[in-house]
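Read off the chains here:
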Amino acid sequence: MPDFTAVPQLRSMPPQQAPQHTGSLAEIAAWLAAAQDSEKAQPLTHVRAIIFAGAHGIAERTIDGVGIGPWSSADEESWREDLTTAAHRAEASVEFIECAEAAAIDSAPAMSAEELERHVELGKKSADREVDSGSDLLLTSDFGIGGETVAAAVMGRITRTEPVAILGTRTSGSVTDQMWKTRVTIVRDAMFRARNLEGWEVVQTIGSPSLAALVGFIAQATARRTPVLIDGPLAATAAVLAERSAPGVKGWLGAGSTSLEPAQALAFKELSLSPLLDLKLSAGYPLGALAALPLVQLAAELG
């Protein structure tokens, strides 16, 4: 199973200055100052968005001819363009790191043990590269249709939350009732397959390579004393797994935006994080973190 470097605690701060992750400029500045080991927040000079892209087998799954959502490969191309544009406008550079495709988790293991180890190492090495190149704030998320359903299955299993609850009881946006039912069936079957598993066996069985890479990235970046802004259900789930594997991770984390996924809200609750924005995103992560970045930069400038 993957090994992680111990995560240092944030610099000790007076209680009245300690960041509470509620999104005010003063609290964002206090969080950054603690991460920078400084009396006041210093301006950010090198912000990077690292997005782990990977296909999910369940994206092709249909029940009675209906899949998990209305999205297609054309939507993914549009999302890439939107994220690149948003990153440039927020004065951050962006990189997509390609991960292996996950098998359909309702019927087969997501990946082999070797693939899991390889992708955790991919995430860790990516974090080391970014820290070594001088990044002082990292944004991260996944990219790929089906990632939010994988997050629901994993969060549902590790928190023992029922499929309907981890997916919510109503559809929203362009997701129809039948699409929602397809997602519930997939999550139910995946959670049943992992019912007797614990720890990393759950990730190997019903997770995805991009999830494993995110865990490695978040754990290693925080071990290297670099704050990370996370966004999207899969990144939030990865942060929970990273915190459970290397306690102390959550102190170095901020959250970009809300989403329509209960799995993300549950993960943020476990991490004691309140998103900076309330955009209620349903796709295109980490657009929320990129939208929140000017707020973080302003807090750093004002100190």
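The shown structure was predicted, so the numbers you read here are calculated from the model rather than taken from an experiment. (Residues numbered from 1 in each chain as written. Predicted model: local features only at pLDDT ≥ 70, side-chain atom pairs only at ≥ 80, totals over all residues. Heavy atoms only, no water.)

**Q** What's the story with the overall build of the protein chain in this structure? I'm lost.
**A** Within the protein chain, the secondary structure is distributed over eleven helices and seven strands. Over its C-alpha trace the protein chain gives a radius of gyration of 18 Å, about what one expects of a compact globule, namely 19 Å for 303 residues. With the C-alpha coordinates of the protein chain rotated into their principal frame, the extents come out at 60 × 35 × 35 Å. Evaluated residue by residue, the protein chain yields a buried proportion of 56% over its 303 residues. Counted over contacts in the protein chain with a minimum sequence separation of 6, partners at least 24 positions apart contribute 79%. Carbon together with sulfur atoms contributes 50% to the accessible area of the protein chain, which is approximately 12,300 Å² in total. (Helix = DSSP H or I, 4+ residues; strand = E, 2+ residues; numbered from the N terminus. Rg over C-alpha atoms; globule rule 2.2 N^0.38 Å. Buried < 20%, exposed > 50% of the residue type's maximum accessible area, 1.4 Å probe, protein only. Contact = heavy atoms within 4.5 Å. Areas by Shrake-Rupley, 256 points an atom, 1.4 Å probe, with all protein chains shown as cover.)

**Q** I keep staring at the confidence of the model for the protein chain and nothing clicks. Help me out?
**A** Scored by pLDDT, the protein chain has a mean of 92; 94% of the residues are at 70 or more. For residues 13–22, every residue scores under 50 in pLDDT, and the model assigns this stretch 19 contacts once sequence neighbours within four places are set aside. (pLDDT = per-residue confidence, 0-100.)

**Q** In this structure, what is going on with the sheet that holds strand E4 (residues 228–230)? I would like to understand it.
**A** Where strands meet in a sheet, backbone hydrogen bonds hold them as pairs that are either parallel or antiparallel. With parallel pairing, the five strands of this open sheet are ordered in space as E2-E1-E3-E4-E5. This sheet does not close on itself; its edge strands, each paired only once, are strand E2 (93–98) and strand E5 (253–255). The average angle at which neighbouring strand axes cross in this sheet is 25°, direction not considered. As paired strands, strand E1 (residues 47–53) and E2 are joined by six bridges and run parallel to one another. From the neighbouring strand, Arg48 faces E2, where its bridge partner is Ser93. (Pairing = 2+ DSSP bridges. Axes fitted to C-alpha atoms, helices over the stretch in contact; angles between N-to-C directions.)

**Q** What is the right way to look at the nonpolar core in this model?
**A** Leu139 and Ile230 are the most contacted members of the largest nonpolar core, which has 101 residues in total. Excluding its chain neighbours within four sequence positions, the residues that come into contact with Leu139 are Val47, Arg48, Ala49, Ile50, Leu229, Ala289, Leu290 and Leu293. (Core = buried A, V, L, I, M, F, W, Y, C linked by side-chain atoms within 4.5 Å.)

**Q** Please clarify how the pattern of salt bridges should be interpreted in this entry.
**A** Opposite charge on two side chains permits pairing when their charged atoms draw close. One pass over the full model with this rule turns up 15 salt bridges. Taking the shortest distance from any N to any O, the salt bridge between Arg61 and Asp106 comes out at 3.0 Å. Of this pair, Arg61 sits in the loop between E1 and helix H2 (73–89) while Asp106 sits in the loop between E2 and helix H3 (113–132), and the two are 45 residues apart along the sequence. As a salt-bridge pair, Asp132 and Arg224 come within 2.7 Å of each other at their nearest N and O atoms. Placement of the pair is Asp132 in helix H3 and Arg224 in the loop between helix H8 (209–223) and E4, with a sequence separation of 92 residues. (Salt bridge = Lys/Arg side-chain N within 4 Å of Asp/Glu carboxyl O.)

**Q** Looking at this structure, how should I read unusual backbone geometry?
**A** Excluding glycine, a negative phi dihedral is what most residues carry, and trans is how most peptide bonds are arranged. Each neighbour pair has its own omega, and for Tyr285 with Pro286 the value is 10°, a cis peptide bond. Within the secondary structure, Pro286 sits in the loop between strand E7 (277–281) and helix H11 (287–302). With a phi angle near 50°, Lys280 is a residue other than glycine that sits in the positive phi range.

**Q** What is the right way to look at helix H4 (residues 147–159) in this model?
**A** Given 3.6 residues per helical turn, the α-helix brings residues three or four places apart onto the same face. Over its 13 residues, H4 runs 18 Å from end to end, which matches the ideal 18 Å to within 8%, given 1.5 Å per residue. Of all 13 residues in H4, twelve are buried, a share of seventy percent or more. For H4, the complete set of buried residues consists of Gly147, Glu148, Thr149, Val150, Ala151, Ala152, Ala153, Val154, Met155, Gly156, Arg157 and Ile158. Trailing H4 by a residue or two, Arg160 shows a phi angle of about 55°, which is positive. (Expected span 1.5 Å × (residues − 1).)

**Q** Would you explain the packing of aromatic side chains in this entry?
**A** Two descriptors summarise a pair of aromatic rings, namely the distance from one centre to the other and the angle between the planes of the rings. Evaluated as defined, the whole model comprises five aromatic pairs. Judged by centre distance (6.3 Å) and plane angle (90°), the ring pair of Trp79 and Phe143 falls under edge-to-face. Taken as a pair, Trp79 in helix H2 and Phe143 in strand E3 (residues 137–143) lie far apart in primary sequence, 64 residues in all. Of the two residues, Trp79 and Phe143, neither departs from the other in class, the shared state being buried. Seen from their ring centres, Phe96 and Phe143 are 5.4 Å apart, and the 75° between their planes marks the pair as edge-to-face. With Phe96 in strand E2 and Phe143 in strand E3, the pair connects residues that are 47 residues apart, well separated along the chain. Feature note: the residues Trp71, Trp79, Phe96 and Phe143 constitute an aromatic cluster, connected by ring pairs. Its end group placed over the ring of Phe192, Arg195 keeps NZ or CZ at 3.9 Å from the ring centre. (Phe/Tyr/Trp six-rings, centres within 6.5 Å; stacked < 30°, edge-to-face > 60°. Lys NZ or Arg CZ within 6 Å of the ring centre and 35° of its normal.)

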